[in-house]
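Here are the chains, one letter per residue:
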There are 2 protein chains.
Amino acid sequence: MASAQSVAVARQRAAAALDVAGIALTEAERAQIEVADFGLDRLDETGLQLVVYVNTERCCAKELVLFAGQTCPEHYHPPFDGTPGKEETFRVRHGIVYLYVPGEPTAEPVARPYRSEHYTVWHEIMLGPGEQHTIPPMTKHWFHSPDGAVVSEFSTQSRDEYDVFTDPEIVRVPTG
Amino acid sequence: MASAQSVAVARQRAAAALDVAGIALTEAERAQIEVADFGLDRLDETGLQLVVYVNTERCCAKELVLFAGQTCPEHYHPPFDGTPGKEETFRVRHGIVYLYVPGEPTAEPVARPYRSEHYTVWHEIMLGPGEQHTIPPMTKHWFHSPDGAVVSEFSTQSRDEYDVFTDPEIVRVPTG
């Protein structure tokens, strides 16, 4: 697990990235930016920073920050509580994101994630500012940004504890 | 109903406001910005410009643009198709918005909308950049911006045709 110090640094860095992207946060939001290292303790490679704006039983919206070189590892959202599971739309606000979904594997994918042997979907979609993609429930996906990016996520209820990761070493609890 | 020319002008003006707010749109989105005058043909006073990013059976996200002096008139979202009706969160991205909801009427509200006799909820909430408010279904609300604003709306499915407006003259069909 990342140290308290590295979490604090990542939080500050994410706040700065959101500033650069022109996204306003309250002071309380800034102080509570979630830092996820997915239990691998290599935040620079496998990690994600999040600001959760709203998450009710019916819908959810977040801002996601990827630092240069970071990957959010492969996972899917299963059904829970009688719902079909989380449906989500990623909309890039700033930077470039490579999203990987089921389909024809891309011959030379941009991303080469840490522990890439635990990644199974390799159909690459490049998304720039103003571009978006919707992921249905039960669909494996992962994403990477070579130079850093800010992404808005619009979705149904988010229950991270139910996410299923392909890599058995991964644990989805907030690092900080 | 607003003329085709005034709709085209409003669309360009909304695109410019989104640019200033640092919000990236694709060319296709820019060309399809929705302009609503709510059937009153006084777009400068009663109007709203919208970009719908996603609207599935389960969730919806939009960007809303208010020009200086515009008001989105009082309405609520009733149940439909076995759902409780639309739940929405407004998050201000740029500018200042005055949101009006049920509660103690504000003594000196900032907004003085056209046909204000058809407005019944006057509890004022000021929202600046990074501030947000969630409106449950069946809750009357309206909003106004004195100097112009951009607002993200995160919600359950949007079905504008079911919206119930307090002012009997209002028709919620896109003007353009």
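Residues numbered from 1 in each chain as written. Chains lettered and ligands numbered in written order. Predicted model: local features only at pLDDT ≥ 70, side-chain atom pairs only at ≥ 80, totals over all residues. Heavy atoms only, no water.

1. Some thoughts on the pairing of strand β2 (residues 48–55) of chain A
All names here are of chain A.
- With 6 of 8 residues buried, β2 lies mostly within the body of the structure.
- Two elements, strand β1 (residues 34–36) and β2, share 3 bridges in a ladder whose sense is antiparallel. Note that in β2 the partner of Ala36 across the bridge is Leu48.
- Relative to strand β3 (residues 60–66), β2 is paired through 6 bridges, and the arrangement is antiparallel. Directly across from Val54, in β3, lies its bridge partner Ala61.
- In sequence, β2 turns back onto β3 through a hairpin of 4 residues. (Buried < 20%, exposed > 50% of the residue type's maximum accessible area, 1.4 Å probe, protein only. Helix = DSSP H or I, 4+ residues; strand = E, 2+ residues; numbered from the N terminus. Pairing = 2+ DSSP bridges.)

2. Remarks on the nonpolar core
- Of all hydrophobic cores here, the largest spans 40 residues; its most connected members are Leu18 and Tyr53 of chain A together with Leu18 and Tyr53 of chain B.
- If you list the elements that add at least two residues to this core, you get α1 (4–20), β2, β3 and β10 (149–155) of chain A together with α1 (4–20), β2 (48–55), β3 (60–66) and β10 (149–155) of chain B.
- Ignoring sequence-local partners within four residues, the contact set of Leu18 of chain A consists of Ile23, Leu25, Ile33, Val51, Glu63, Val65 and Val150 of chain A. (Core = buried A, V, L, I, M, F, W, Y, C linked by side-chain atoms within 4.5 Å. Contact = heavy atoms within 4.5 Å.)

3. As for the environment of Thr46 of chain B
Residue and element names in this part refer to chain B.
- Along the chain, the position of Thr46 falls in the loop between β1 (34–36) and β2.
- When the C-alpha positions of Thr46 and Gly69 are compared, they lie 8.5 Å apart, and in sequence the two are 23 residues distant.
- Aside from chain neighbours lying at most four places away, what touches Thr46 is Ala36, Asp37, Phe38, Leu40, Thr71, Pro73 and Tyr114.

4. Some words on the confidence of the model for chain A
- Per-residue pLDDT for chain A averages 96, and the proportion of residues at 70 or more is 98%.
- Two numbers describe this predicted complex: its pTM, 0.96, and its ipTM, 0.95. (pLDDT = per-residue confidence, 0-100.)

5. Section: the relation of the copies chain A and chain B
- Superposing chain A onto chain B takes a rotation of 180 degrees plus a shift of 0.0 Å along the axis, which leaves an RMSD of 0.0 Å. Such values leave the two copies arranged in the relation of a two-fold axis. (Least-squares fit on C-alpha atoms with pLDDT ≥ 70 in both.)

6. Regarding the sheet that holds strand β8 (residues 132–135) of chain B
Residue and element names in this part refer to chain B.
- Strand order in the open sheet formed by 6 strands is β1-β2-β3-β10-β5-β8, with antiparallel pairing between adjacent strands. Pairing within the sheet leaves two strands with one partner each, and these edge strands are β1 and β8. Sheet twist, expressed as the mean angle between neighbouring strand axes with direction ignored, is 25 degrees.
- Against the sheet, α1 contacts β1, β2, β3, β5 (88–95) and β10, and its axis sits at roughly 105 degrees relative to β3. (Axes fitted to C-alpha atoms, helices over the stretch in contact; angles between N-to-C directions.)

7. Some details on the interface of chain A and chain B
- Taken together, the contact between chain A and chain B spans 32 residues of the former and 32 residues of the latter.
- Of the roughly 2200 Å² buried between chain A and chain B on both sides combined, carbon and sulfur atoms contribute 51%.
- Contact with chain B buries area across many residues of chain A, yet Arg58, Arg93 and Phe154 of chain A alone supply 28% of it, more than any other trio.
- Residue Arg93 of chain B is joined to Glu63 of chain A by a salt bridge in which the shortest nitrogen-to-oxygen separation is 3.1 Å.
- Viewed at the interface, chain B and chain A are joined by 14 residue pairs in polar contact (both at pLDDT 80 or more).
- Of all the elements in the fold, those that place two or more residues in the side of chain A that touches chain B are β2, β3, β5 (88–95), β8 (132–135) and β10 of chain A. (Buried area = accessible area lost by both parts, 1.4 Å probe. Salt bridge = Lys/Arg side-chain N within 4 Å of Asp/Glu carboxyl O. Polar contact = N/O pair within 3.5 Å; in protein donor to acceptor, adjacent residues only side chain to side chain.)

8. Overview of the environment of Ala107 of chain A
- By secondary structure assignment, the location of Ala107 of chain A is in the loop between β6 (97–101) and β7 (123–127).
- The spacing of Ala107 of chain A and Arg93 of chain A is 14 residues in sequence and 27 Å in space, taken between C-alpha atoms.

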